[in-house]
Amino acid sequence: SMIQMKPYVKVELTFIALDSNGLLSQANNGEIRERMEKTIEMEAPIRRSLLYKRVINSFGLVKVGSRISPLFDSIAQALDYPTTEDSDGETVFHNGKEEDFFRPSPDPEDRYSYQIPSSEAASCLIYIISSSDKNSMTKSQLYRDFIKTMGWEKSGGAIEKLFSSALSDPRIKRSGNGRFIK
């Protein structure tokens, strides 16, 4: 199916002030689960670390530390959503809808490049290749277009890493001389 460019829509979770003891008391497990589900419904495909960040921030806490991590893991593992493993081994949550899209993310308030699943970055590459007026592209052309299409100003280590992991997606075709083809 054709890949589409979509806006990144960030989940809106009602703010509830809770400290880590309040979270660890187990009394709020249902609330944590609902917030995880709402976030996955809205933002999938989403990497586990970003999912946790959305939920922990909605309680007024900055990050999931070593005490809260096991709690979040046990709740996340019981969720009824399909998961895959990203190229670096991190869990990616999906909401069961077709992922024939990518979402440019110029605003780090939405997400940073290292928080983007490599499968979504690969969808962006397929979009670039298939909408190009050329029959084939070099890696450096593709990389330049990737940065531009995702809405970033300039390259960087995390973007290079995302690009190279996206290149290993089986949907991306290369010619014998290594150029990228439709």
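Here's a quick rundown of the structure. On a predicted model such as this, the values are computed, not experimentally measured, just so you know. (Residues numbered from 1 in each chain as written. Predicted model: local features only at pLDDT ≥ 70, side-chain atom pairs only at ≥ 80, totals over all residues. Heavy atoms only, no water.)

Describing the nonpolar core
Next, step 1: Counting 24 residues, the largest nonpolar core has Leu125, Leu142, Phe146 and Trp152 as its most contacted members.
Next, step 2: Looking at this core, the elements that each hand over two or more residues are α5 (118–131), α6 (139–149) and α7 (157–167).
Next, step 3: Of the residues forming this core, the biggest block, seven residues, is contributed by α5.
Next, step 4: With sequence-adjacent residues up to four places away left out, Phe146 is seen in contact with Ala121, Cys124, Leu125, Ile128, Trp152, Ile159, Leu162 and Phe163.
Next, step 5: Formed by 21 residues, the second largest nonpolar core is a distinct cluster that contains Ile40, Val55, Ile56 and Tyr81. (Core = buried A, V, L, I, M, F, W, Y, C linked by side-chain atoms within 4.5 Å. Buried < 20%, exposed > 50% of the residue type's maximum accessible area, 1.4 Å probe, protein only. Helix = DSSP H or I, 4+ residues; strand = E, 2+ residues; numbered from the N terminus. Contact = heavy atoms within 4.5 Å.)

Quick look at α5
Next, step 1: The end-to-end C-alpha distance of α5 is 20 Å, a good match for the 20 Å that 14 residues give at a rise of 1.5 Å each.
Next, step 2: Burial analysis of α5 places 10 of its 14 residues in the buried class, the great majority of the element. (Expected span 1.5 Å × (residues − 1).)

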